[in-house]
Amino acid sequence: MKHSSYFPPSSCRKTLALLALLAVVVLQAGLPVPAAAGAAQEQVLEDLQFRVDAWILTGAARAGVILKSLGDGRYRAEVAAEAQGLAKALSGQRRDNFSTEMVYQNGRLLPLVYREESRRWGKHSLKEYRFDYDQGRLELWQHHEGKGLLRKWETALTKEPIYDPLTAFYNFRLGALGQPKAGQTLRVRGIPYPRPEEIVIQIGQVDPEGRKVMVSLINRVFDDEAGVVFVFFDEKWAPSHGWTRILSFGKVAGKILPESRPLAGSLLEMLSALKSSRFRVPSSKLGE
């Protein structure tokens with residue numbers, strides 16, 4: 001079966017990246033994340049489930065954003081989604097998973113390992129970004145058939161923090177990027193591969209639908225195409241619904257489902273729990 005023009009590869013990558021940042025749902029199926037060491041200590045802190053409408057396809061997919069505590073001060077954020085009906089066939093039964101292992105330190109979450117995994121039209125791809133704070137570098141390892149993961153690229157970690165989309169998402173909600181206020185614009189540095197990337201977050205006013213936020217992402221996953229997503233957050237800064245437009249495809253929108261389990265209590269309570277983290281990244285590698 002040939003690839004359908006309804007689901008161009010760049011559009012699929014773009015939509016998934018937007019979901020990873022602000023929980024906008026995509027048209028792919030989620031892969032299970034391999035169990036980490038000490039998996040028995042895992043605890044789900046947040047489970048956000050969404051319904052997707054794409055173009056003329058109502059209920060085209062379901063997707064979720066999950067935050068887990070792994071124990072010993074580590075956390076993992078995951079993005080997974082599953083296409084429904086016709087969308088599954090049109091997308092080549094694509095299966096994707098974005099996940100980040102993180103630690104809370106010095107008032108913010110720091111990424112340790114960020115993974116992008118995809119299966120589509122019978123092909124498998126895996127990229128793993130490793131944040132090596134001991135050596136002060138960020139490495140990209142890519143899977144090659146029959147060879148496993150091989151190092152492809154690296155860059156130096158500097159005083160300015162580098163965030164993957166999921167770490168940026170949770171740092172934004174925690175207020176670690178600055179306390180969100182109407183009219184404010186927040187800018188963070190994304191993974192600079194293959195070009196420098198900036199994530200721009202513009203915060204709007206509160207209305208009956210919630211707090212409107214516009215996010216712009218550039219370069220890395222867009223094939224040089226700028227992407228913009230609009231999201232509404234509730235009073236506890238959980239995303240309730242959002243949408244984006246994809247060139248040559250149309251509007252993709254996601255809405256939170258009643259079975260979702262947002263973070264218990266306020267973000268301040270979550271922050272208090274994170275501060276009990278025992279895992280530490282060497283302070284000398286963070287420009288302190």
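Up top is the structure these notes are about.
Keep in mind the model is a prediction, meaning the values are calculated, not measured.

Rules of the game
Residues numbered from 1 in each chain as written. Predicted model: local features only at pLDDT ≥ 70, side-chain atom pairs only at ≥ 80, totals over all residues. Heavy atoms only, no water. Phe/Tyr/Trp six-rings, centres within 6.5 Å; stacked < 30°, edge-to-face > 60°. Buried < 20%, exposed > 50% of the residue type's maximum accessible area, 1.4 Å probe, protein only. Lys NZ or Arg CZ within 6 Å of the ring centre and 35° of its normal. Helix = DSSP H or I, 4+ residues; strand = E, 2+ residues; numbered from the N terminus. Pairing = 2+ DSSP bridges.

Caption draft 1: Up close: the packing of aromatic side chains. Applying the stated criterion across every chain yields a total of ten aromatic pairs. Ring centres of Phe131 and Tyr133 lie 6.4 Å apart, and the angle between their planes is 20°; this geometry places the pair in the stacked category. By the burial criterion, Phe131 is buried, and Tyr133 matches it. Taken together, the ring pairs in this structure connect Phe98, Tyr114 and Tyr129 into an aromatic cluster. For the cation-ring pair, Arg130 lies above Trp141, with the distance from its terminal atom to the ring centre recorded as 4.2 Å.

Caption draft 2: Region of the structure containing unusual backbone geometry. Put simply, Tyr193 and Pro194 share a cis peptide bond, and its omega is 0°. Position of Pro194 among the secondary structure elements: in the loop between strand E10 (185-189) and strand E11 (198-207). Non-glycine residue Asn106 carries a positive phi angle of around 55°. For Asn106, the position within the fold is in the loop between strand E5 (95-105) and strand E6 (108-120). The backbone of Trp237 shows a phi angle near 65°, a positive value even though the residue is not glycine. Structurally, Trp237 is set in the loop between strand E13 (227-233) and strand E14 (239-246). Residue class for Trp237 comes out buried when judged on its relative accessible area of 15%.

Caption draft 3: Looking closely at the pairing of E13. Along E13, five of the seven residues are buried, which leaves the element largely enclosed by surrounding structure. Bridge count for strand E12 (residues 210-217) against E13 is seven bridges, and the pairing is antiparallel. Bridged to Met214 within E13 is Phe230. Inspection of the sheet shows E13 paired to E14 by five bridges, in the antiparallel sense. Its bridge partner being in E14, Phe230 is matched across the sheet by Trp243. Linkage of E13 to E14, two consecutive antiparallel strands, is achieved through a turn of five residues, within which Trp237 is found at a positive phi near 65°.

Caption draft 4: Summary view of the side chain of Thr244. Here Thr244 is to be found in strand E14. The class of Thr244 is buried, set by a relative accessible area of 1%.

Function cannot be read off these values alone, since they describe shape.
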